Amino acid sequence: MHDRLKLSLISAAFTAVAMFGAAGTAVAKDEKFVMIEHSPDSETFWNTVKNAATLAAKETGSTVTFRNPPTGDLADMARIIQQTVAEAPDGIIITIPDFDLIGGQISAAVDKGIPVVTMNTGTAEQSKKLGALLHVGQPEFEAGKGAGEKAKAAGVKSFLCVNSLFPNVAGEQRCKGFAAGLGVELGKQMIDSGTDATEIANRVKAYLAANPQTEAVLTLGPMTAIPTIKALKENGQAGRIFFATFDLNPDISRAIKEGVIKFAIDQQPFLQGYLSLITLTNHLRYGVTPANSVLSGPGFVTKENIQLVESLAGKYR
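Residues numbered from 1 in each chain as written. Predicted model: local features only at pLDDT ≥ 70, side-chain atom pairs only at ≥ 80, totals over all residues. Heavy atoms only, no water.

Draft legend 1. Examining the overall build of the chain more closely. Scanning the chain for helices and strands turns up 11 helices and 12 strands. Along the longest, intermediate and shortest principal axes, the C-alpha atoms of the chain span 85 × 45 × 35 Å. When contacts within the chain are restricted to residue pairs at least 6 apart in sequence, those whose partners lie at least 24 apart make up 73%. Distance between charge centres in the chain, computed from 30 positive and 31 negative side chains, equals 4 Å. (Helix = DSSP H or I, 4+ residues; strand = E, 2+ residues; numbered from the N terminus. Contact = heavy atoms within 4.5 Å. Lys, Arg positive; Asp, Glu negative; His and termini not counted. Charge placed at Lys NZ, Arg CZ, Asp CG, Glu CD.)

Next up, the structure:
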């Protein structure tokens, strides 16, 4: 028995050496990754995501290229995915703004053997269904609901949701969640604001003028938050109406300090960019992948804790 055990241990040792040797030969560098997101060029939210992915690429010795439809056209995004898959990069990081419209292209990348990490928009369930390694993002409905519960605690009963994300389903999920947090149905409180800053400000002012009983405004990111700040200052409601927004940037940070915005819902975009690229790198080099998707948010930034993140807003937060 002693000899058999000894032989088993020796065999196991040689097997381990062989396995580690094989893993060692599989370690690569200079991987080429592509990040594809859905927003138009005018959306500043992605600066933080790109900063994070760029930092991760620098730390790992890989490279990352960023692509998006310049106007936010999802049909254009689908074409970008097809082009990227044809180039066969070492890995793809991608959002899921519309599962039905671009899911097929993401699956095609997986079927071709390209490892994919989904992030930001979409769900862990959708990511898994498409064959991606994992998803890094916040659950949008739950994030909106948490914000709505805070508004309800402040006595809010009616609201306007300024949605520039159509047809991205994440926008509607956020608005529906906010309504659920308040305990009301989402009806005409959600408007399609478009993406032009002047038009967004005008539509916000027009809605509030037509619905003077509105007690709160929810914006879904810097693209809508900045024009809404302007609109509320122009119509005299800044600091008087309950105003919450998704995401952070220096303008939003300043508005929180001024008392114009009650809080920002922080999905930690830095983690979305950084962890997505690190995950692909570790998967390719070492064959290790986290067992679960990552919830990067939500967190809530208020006047009380803004000092902790103010200097990093728009770059790392």
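Draft legend 2. Region of interest: the pairing of strand β2 (residues 63-67). The pairing of strand β1 (residues 32-36) with β2 spans five bridges and is parallel. If you follow Lys32 over to β2, its bridge partner there is Thr63. Following the backbone out of β1, through helix α2 (residues 46-60) and into the adjacent parallel β2, one traces a crossover that is right-handed. (Pairing = 2+ DSSP bridges. Right-handed = clockwise from strand over helix to strand, strands pointing away.)

Draft legend 3. Summary view of the pairing of strand β8 (residues 216-219). Residue alternation in β8 divides its side chains into two sets, Ala216 and Leu218 and Val217 and Thr219, and both sets are buried. Note: strand β6 (residues 159-163) against β8, four bridges, orientation parallel. From the neighbouring strand, Leu160 faces β8, where its bridge partner is Val217. Here β8 pairs with strand β9 (residues 242-246) via four bridges, running parallel. In the sheet register, Ala216 faces β9, and the bridge partner there is Phe242. Running through helix α9 (residues 222-234), the crossover from β8 to the neighbouring parallel element β9 is right-handed. (Buried < 20%, exposed > 50% of the residue type's maximum accessible area, 1.4 Å probe, protein only.)

Draft legend 4. How the structure looks around the side chain of Thr121. Among the secondary structure elements, Thr121 is positioned in the loop between β4 (116-119) and α5 (124-130). With a relative accessible area of 2%, Thr121 lands in the buried category. Separated by 2.6 Å, the side chains of Thr121 and Asn120 make a polar contact. (Polar contact = N/O pair within 3.5 Å; in protein donor to acceptor, adjacent residues only side chain to side chain.)

Draft legend 5. Seen up close, helix α6 (residues 140-153). Its 14 residues give α6 an end-to-end C-alpha distance of 20 Å, which sits within 8% of 20 Å, the value for a rise of 1.5 Å per residue. Residues Glu140, Ala143, Gly144, Gly146, Ala147, Gly148 and Ala151 constitute the buried set of α6. Where α6 is buried, its residues touch α7 (169-182), β9, β10 (263-266) and β12 (299-302). One or two residues past the end of α6 sits Gly155, with phi positive at roughly 95 degrees. (Expected span 1.5 Å × (residues − 1).)

Draft legend 6. Just the side chain of Ser164, in detail. Of note, Ser164 is situated in the loop between β6 and α7. Ser164 has contacts with Ser193, Gly194, Thr195, Met223 and Thr224, leaving out every residue within four places of it along the chain.

Draft legend 7. The arrangement of the sheet that holds β10 in detail. Read across the open sheet, the six strands follow the order β7-β6-β8-β9-β10-β12; overall the sheet is mixed. Two strands bound the open sheet, and with one partner strand each, they are β7 (190-192) and β12. Put simply, the sheet's adjacent strands are angled 20 degrees from each other on average, direction ignored. In this fold α7 packs onto β6, β7, β8 and β9, with an angle of close to 170 degrees to the strand it touches most, β6. The sheet strands contacting helix α8 (residues 197-210) are β6, β7 and β8, and the helix crosses β6 at an angle near 160 degrees. (Axes fitted to C-alpha atoms, helices over the stretch in contact; angles between N-to-C directions.)

Draft legend 8. Inspection of the packing of aromatic side chains at higher detail. Counted according to the given criterion, the structure contains six aromatic pairs. Centre to centre, the rings of Phe242 and Phe263 are 6.0 Å apart; their planes meet at 75 degrees, and the pair counts as edge-to-face. Of this pair, Phe242 sits in strand β9 while Phe263 sits in strand β10, placing them 21 residues apart in sequence. One exposure class covers both Phe242 and Phe263, and it is buried. Arranged with centres 5.5 Å apart and planes meeting at 80 degrees, the rings of Phe263 and Phe300 form a pair that is edge-to-face. On the criterion of sequence distance, the pair formed by Phe263 in strand β10 and Phe300 in strand β12 is long-range, its members being 37 residues apart. Given the relative accessible area of 24%, Phe300 is considered partly exposed. Put simply, the rings of Phe242, Phe263 and Phe300 pair up and form one aromatic cluster. Lying across the ring of Phe300, Lys150 places its NZ or CZ 4.8 Å from the centre. The lysine or arginine in question, Arg174, covers the ring of Phe246, its NZ or CZ lying 4.1 Å from the ring centre. (Phe/Tyr/Trp six-rings, centres within 6.5 Å; stacked < 30°, edge-to-face > 60°. Lys NZ or Arg CZ within 6 Å of the ring centre and 35° of its normal.)

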